[in-house]
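# Examining the three-dimensional arrangement
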Amino acid sequence: MRSGFGSDKTIKSLLSTAQKLIYENTTPFADVRMELCLVSSWYFTLISENKEMVEQLMHKVCLLSKQIIHTDLERIEIFIIPYANMFLELGCYQKSLELLNQGIELCEKYRDMDAYNRIKVNLQEYAMQVRLH
């Protein structure tokens, strides 16, 4: 989608086919369902530019992630950063900053863990870039 290859119609068709296959062949909390919602959210961010659909789909991702994602680090990498990216692409800078700040706050709980410290620095740098918009 980001590369611009494929028409809107082609992308919609691929997403529809994927959704049908995934929902017919997986359990309600399969991680592939969460991935489908993420990809679909990117469609509504980059192609259709529909903030309401992005929010609906990312709400589903949030609900699924509570069953699928087991660490705060994964939550930051799989949910918070992509969602902040989507809001940035849609020009919703304040919402993007709010998400990045949530990620920074989660990292604060793990001050003695290098992985969280590294991602916290990345989130802080990203937040600074968003503030420049």
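In this report, the structure presented in the accompanying data block is examined. No experiment lies behind these values; they were computed from the predicted model shown.

Conventions and cut-offs
The residue numbers shown here count from 1 along each chain, following its written sequence. Local features in this predicted model are restricted to residues whose pLDDT is 70 or higher, and side-chain atom pairs enter the listing and the counts only when it is 80 or higher, whereas totals over whole chains, interfaces and linings include all residues. To get the side-chain values, take all heavy atoms of the structure and skip hydrogens and water. Note on geometry: axes are lines fitted to C-alpha atoms, helical ones only across the stretch in contact, with angles between N-to-C directions running from 0 to 180 degrees. Helix and strand definitions here come from DSSP, where helices need a minimum of 4 consecutive H or I residues and strands a minimum of 2 consecutive E residues; each element is numbered from the N-terminal end. Reported orientations rely on four angle classes, namely roughly parallel under 35 degrees, roughly antiparallel over 145, roughly perpendicular from 65 to 115, and oblique for the rest. The contact criterion used throughout is that any non-hydrogen atoms of two residues lie within 4.5 Å. We call Asp, Glu, Lys and Arg charged. Ala, Val, Leu, Ile, Met, Phe, Trp, Tyr, Cys and Pro are nonpolar, and the rest, Gly among them, are polar. The method works on a 1 Å grid over the protein atoms by themselves. A cavity is a set of points holding a 1.4 Å probe that cannot get out, a pocket is an open set with protein on both sides within 12 Å along at least five of seven lines, and residues with an atom within 4 Å of a point line them. Grid points are joined across faces, edges and corners, and a volume is the space filled by probe spheres set on the points. Stacked, tilted and edge-to-face are the three classes applied to pairs of Phe, Tyr and Trp rings, where Trp contributes its six-membered ring and a pair requires centres within 6.5 Å; stacked means planes under 30 degrees apart, edge-to-face means over 60, and tilted covers the rest. Each residue is assigned to one of three classes by its accessible area relative to the maximum for its type, calculated with a 1.4 Å probe on protein chains only: buried under 20%, partly exposed between the two thresholds, exposed over 50%.

## A few points about the packing of helix α4 (residues 72-89) against helix α6 (residues 114-131)
At a minimum axis distance of 12 Å, the contact between α4 and α6 shows a crossing angle of 10 degrees. By the criterion of interaxial angle, the relationship of α4 to α6 is roughly parallel. Here α4 contributes D72, L73, I76, E77, I81, A84, N85 and L88 to the contact with α6, which in turn contributes A115, Y116, I119, L123, Y126 and V130. Here the contact of α4 with α6 is composed, by residue class, of eleven nonpolar, one polar and two charged.

## Comments concerning the layout of surface pockets
Taken as a whole, the largest pocket spans an internal volume of roughly 250 Å³. As for the largest pocket, its lining consists of 14 residues, of which Q19, S40, F44, M53 and L57 are closest to the centre. Contributions of two or more residues to the lining of the largest pocket are made by α1 (8-25), α2 (31-46) and α3 (51-68). The residue inventory of the lining of the largest pocket, partitioned by class, reads eight nonpolar, four polar and two charged.

## Comments concerning the packing of α3 against α4
One way to put it is that α3 packs onto α4 with a least axis distance of 11 Å and a crossing angle of 175 degrees. By the angle between their axes, α3 is roughly antiparallel relative to α4. Seen from α3, the contacting residues are K51, V54, E55, M58, V61, C62, S65 and K66; seen from α4, they are R75, F79, Y83, M86 and F87. Partitioned by chemical class, the residues of the contact of α3 with α4 number eight nonpolar, one polar and four charged.

## As for the packing of aromatic side chains
In total, this model carries four aromatic pairs according to the counting rule given. When the ring of F79 is compared with that of Y83, the centres are 5.5 Å apart and the planes differ by 50 degrees; the resulting orientation is tilted. With F79 and Y83 both in helix α4 and four residues apart, the pair spans about one turn of that helix. For F79, a relative accessible area of 8% puts it in the buried group. Judged by centre distance (4.0 Å) and plane angle (20 degrees), the ring pair of Y110 and Y116 falls under stacked.

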